[in-house]
Each structure stands twice: as structure tokens, then as C-alpha cells.
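Inside the fold
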Number of protein chains: 2
Amino acid sequence: MEQSRDIETLIELMARLPGLGPRSARRAVLALLKKRGPLMAPLAQAMATVALTAKDCTICGNIGTAEICPICADDARANGEICVVEDVSDLWAMERGGAFKGRYHVLGGTLSALDAIGPDQLGIPRLVDRARDATEVILALNATVDGQTTAHYIADALAGLGVQITSLAQGVPIGGELNYLDDGTIGAALRARRQF
Amino acid sequence: MEQSRDIETLIELMARLPGLGPRSARRAVLALLKKRGPLMAPLAQAMATVALTAKDCTICGNIGTAEICPICADDARANGEICVVEDVSDLWAMERGGAFKGRYHVLGGTLSALDAIGPDQLGIPRLVDRARDATEVILALNATVDGQTTAHYIADALAGLGVQITSLAQGVPIGGELNYLDDGTIGAALRARRQF
Ligand SMILES: [Zn+2]
Ligand SMILES: [Zn+2]
């Protein structure tokens, strides 16, 4: 091959990122090679730092650089409202909307007998514990079959705790995924949330 | 914001790569965060290594990790054939085709009065020096107005040296850029090269 082994390795690793194939990874690496000082070195440094320091928040499952994420550590946020999301990307999407001022619980997936993902894998017992002290649990799962099945399971698990259970309503299109919605739609869906 | 400052910085730097916007950069960083051990750490390491060691070949302008790139250092390649390309990406595209077994000269752009890019910036005097010992110079510039203007300038500069001057012919579509051609087309264009 025409380039060095190290550059080949870099292209192969870049090609494993979502949205980048072998061709676009090569393009990205070439762009980095032409901006070694201003872009490549700082990017390598930032990535190494995050790879070393990133942690799953022990309370909510958000990814940050501390044991407790900035949201769980923020006293200004309502402790009594817990928004349940499937993935960290959904939490980030909610935060971009900026409409929610409570806390989160990141499931990390949905219930799946096929993939042997049960309530324990999704931290649902932990969520039930947290919900004892909460006033409202907002089920902000994707409007997919798996998401809604999991939402119903969680609603059942929370029944009898005296906590209000709501779900995002108006605005989430059927089959849609939170991560791909615009910020305004998420805000509207949150404001119009209804009894689950 | 919901994520840590370090993660924000990483997303901002990733978004500066070609083909990645803010949204896809976020998606890529999330994928990395979920594969910190198997993907993020090795990628950071590979990038740091290349950022530190990458060099422009002092002979041809290819980017590698040594003063002299593997192509210029390869005694099995014909020293008497010099293929002139605009960009390192074009050299890589030629090599993927695998049809050319000579050496390269990477211009790093095209002549442009507007951008004050003259023959010196493109290493054309250096090319003329190398061409004195060569038997053939293949002008493999993009089939654009700027590419062809530059090709004609180089052909004039080489005139009288007794070196054969050819150009890629059949197969390169009008207005097309080498980097986006399939390997077979590049090979065919090389085999059918004609007197310039
Ligand atoms: Zn947290
Ligand atoms: Zn070289």
C-alpha cells in the first residue's frame, strides 16, 4: 500500500465510526493529515482524555467525566421528576430541547427476551427505588413497539408507589426516535405530556 | 449543557472533519463513548501517533511517517516515470488502482493568480529538476479548468528536456476529479494515456 502502516490503522479505526465508511474515513484522515497541528493533535488529545475519564453516572446512567453526572449533581434541578429514556443519546436530545429541569434514568436499551435483556439489565429495580422519593416519572421512550412495551412494563413496576406516571405525548411521530427529532418537537411533546 | 466540557470539546473537534456535521459528530462521539476500551482508546492512540510522526515526503510530497515515503523508497518502482497529481488524495486514488509502478510528484494544488499560488508553491522547479533524469512525466491532473491550465504550464516548463510528456486520457470524465473515480476507470485511463 502507498501509505504507512500507522496511517492505514488510523483509517481502519475511523471507518468503524457510525456514518463513516472506508472512503469517508480516508477523506477525514487526509483532512487531519493536512491539519496535523491545528486539528489532529488536539483531537487526539481530547479523545485520549475522554477515553480515560469518561464514566457512566452511577445514579442515572448518563455518560460524563465524574462518578455523578452534572445533571444529578445539579441542586437546581427538580429531584422529584425522573425522565426515563432508552439511551444516552435520548438524554442529550432532551437536554438540547432544554424544556426538562428534572433528573433522568437511562435504561440503556429496551426489554428483549431474544437478547436476554431483562429488568435488571435496564436498571429498573434501581429506578423503582428512586421513584419512591419522586413525585413524577416521565416515560420518554421511543415510540416503537419495543419502547412502548418497556414503558408499559415500567408503569406496572411503579404502580402502587403513589408516584405520578406520565409519558411524552403529542409531537412524537409513530415509529420515530427521540434522537432524530428537532428540539421544538421534543419541547412540545414534554409540555403536552399526559397521564400514562 | 448536559455533558462534560471535555466531551463537548471532543464533539466540536469531530464536527470539523469533512462529512461530519454537529449532529453526526455527536453520534460518532456517543458511539466512541460506548466503546471506550475497544475503539476510543486505540483510535486516540493511533491519531496521536500519526499526528506526531506524519511528514510530507521531501521528494514527492506524499504524506507518510518518514522523510522519504514508501513509494520513493521502493527500489522496485520505476524511477524514470513521474506521475504529477494535484493532491495526496489523488496519489492514494492512483495507488488503489494499482496500475502505476513509477514515482509521483504531488503539486498540492493548482496555479491560481487569485490565491497567489505560483509555480514555486507547487514545487514545479523541483519537478523540472527531477524530470531531467526521467523518461516520462504523466500529467494526472483533474479534468477541470484549473487542472488543465496547470498541466499546460507544466508541459511548457518541461519542453526541451527530452522527457516524454503524457496525460491521462480515456476514462476521466469532463469535470471529474480523480479522487471520486473507481479504480478500474483510473487503470483504463492510465493504460490509454496519450502524448500531451
Ligand atoms: Zn446522572
Ligand atoms: Zn515520496
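Residue positions are given per chain, counting from 1 as you read along its sequence in written order. Labels follow written order: the first chain is A, the first ligand is 1, and so on. Since the coordinates come from a predicted model, pLDDT governs what is reported: local features require at least 70, and pairs of side-chain atoms require 80 or more to be given and counted, while whole-chain, interface and lining totals use all residues. Side-chain metrics in this entry use all non-hydrogen atoms of the structure; hydrogen atoms and water are not considered.

Labelled according to an unreviewed UniProt entry, chain A appears under the name Recombination protein RecR, originating from Cypionkella aquatica. UniProt positions are given in the numbering used here, feature names are shortened, and annotations may be inferred rather than shown by experiment. UniProt's Function (unreviewed entry) comment on chain A is quoted here verbatim: "May play a role in DNA repair. It seems to be involved in an RecBC-independent recombinational process of DNA repair. It may act with RecF and RecO." Per UniProt, chain A has the following entry under Sequence similarities (unreviewed entry): "Belongs to the RecR family."

1. Section: the coordination of the zinc ion (ligand 1)
Residues and elements named next belong to chain A. Only Cys 57 (SG), Cys 60 (SG), Cys 69 (SG) and Cys 72 (SG) from the protein reach the zinc ion (ligand 1) as donors, at distances of 2.3 to 2.4 Å. The rule for donors is simple: N, O or S, within 2.8 Å of the metal, or within 3.2 Å if the metal is Na, K or Ca. Water isn't counted, so a site may look like it is missing partners. Irregular is the label for any site that misses the other tests, which are tetrahedral for four donors with all angles between 85 and 135 degrees, and square planar for four donors or octahedral for six when opposite donors exceed 155 degrees and the remaining angles lie between 65 and 115. In this structure, the zinc ion (ligand 1) is coordinated by four donor atoms arranged in tetrahedral fashion, with angles at the metal of 104 to 114°. Each donor residue of the zinc ion (ligand 1) belongs to the same chain, and together they define the spacing C-x2-C-x8-C-x2-C. Across the pair, Cys 60 and Cys 57 agree in class, each one buried. Categorising residues by exposure relies on relative accessible area from a 1.4 Å probe, with only protein chains included: less than 20% of the type maximum marks a residue as buried, more than 50% marks it as exposed, and the intermediate range marks it as partly exposed.

2. What to know about the nonpolar core
By convention a nonpolar core is built from buried Ala, Val, Leu, Ile, Met, Phe, Trp, Tyr and Cys residues, the set being connected through side-chain atoms within 4.5 Å. Counting residues in hydrophobic clusters, the biggest one holds 91 residues, and the most contacted among them are A:Met14, A:Met47, B:Met14 and B:Met47. The contact definition used throughout considers only heavy atoms, calling two residues in contact when any of these lie within 4.5 Å. For A:Met14, the contacting residues outside a window of four places in its chain are A:Leu20, A:Ala25, A:Ala28, A:Val29, B:Leu17, B:Leu43 and B:Met47.

3. Here we look at the relation of the copies chain B and chain A
Superposing the copies works by least squares over the C-alpha atoms of residues that have pLDDT at least 70 in both of them. Note on the copies: chain B fits chain A at an RMSD of 0.0 Å, the axial shift is 0.0 Å, and the rotation between them is 180°. The symmetry that links the two subunits is that of a two-fold axis. Across chain B, the rotation axis passes nearest the C-alpha of B:Ala44, at a separation of 2.4 Å. Of the residues that chain B buries at the interface, 100% are likewise interface residues in chain A, meaning the two copies contact each other through the same surface.

4. Examining the layout of surface pockets
Residue and element names in this part refer to chain A. There is about 300 Å³ of room inside the largest pocket. Only runs of H or I of at least four residues qualify as helices and only runs of E of at least two qualify as strands under DSSP, and these elements are numbered from the N terminus. Broken down by element, the lining of the largest pocket gets its largest block of residues, four residues, from helix α2 (residues 22-34). Gly counts as polar in this scheme, as do all residues outside two lists: the nonpolar Ala, Val, Leu, Ile, Met, Phe, Trp, Tyr, Cys and Pro, and the charged Asp, Glu, Lys and Arg. Here the lining of the largest pocket is composed, by residue class, of four nonpolar, five polar and six charged. Using only the protein atoms, space was sampled on a 1 Å grid; points where a 1.4 Å probe fits but cannot get out form cavities, open sets with protein on both sides within 12 Å along at least five of seven lines form pockets, and lining residues are those with an atom within 4 Å of a point. Grid points are joined across faces, edges and corners, and a volume is the space filled by probe spheres set on the points.

5. Observations regarding the domain arrangement of chain A
Where each domain begins and ends follows an automated or database-derived domain assignment. Assigned domains of chain A: these are domain 1 (2-53) and domain 2 (63-167). In this structure, domain 1 of chain A and domain 2 of chain A have C-alpha centres spaced 34 Å apart.

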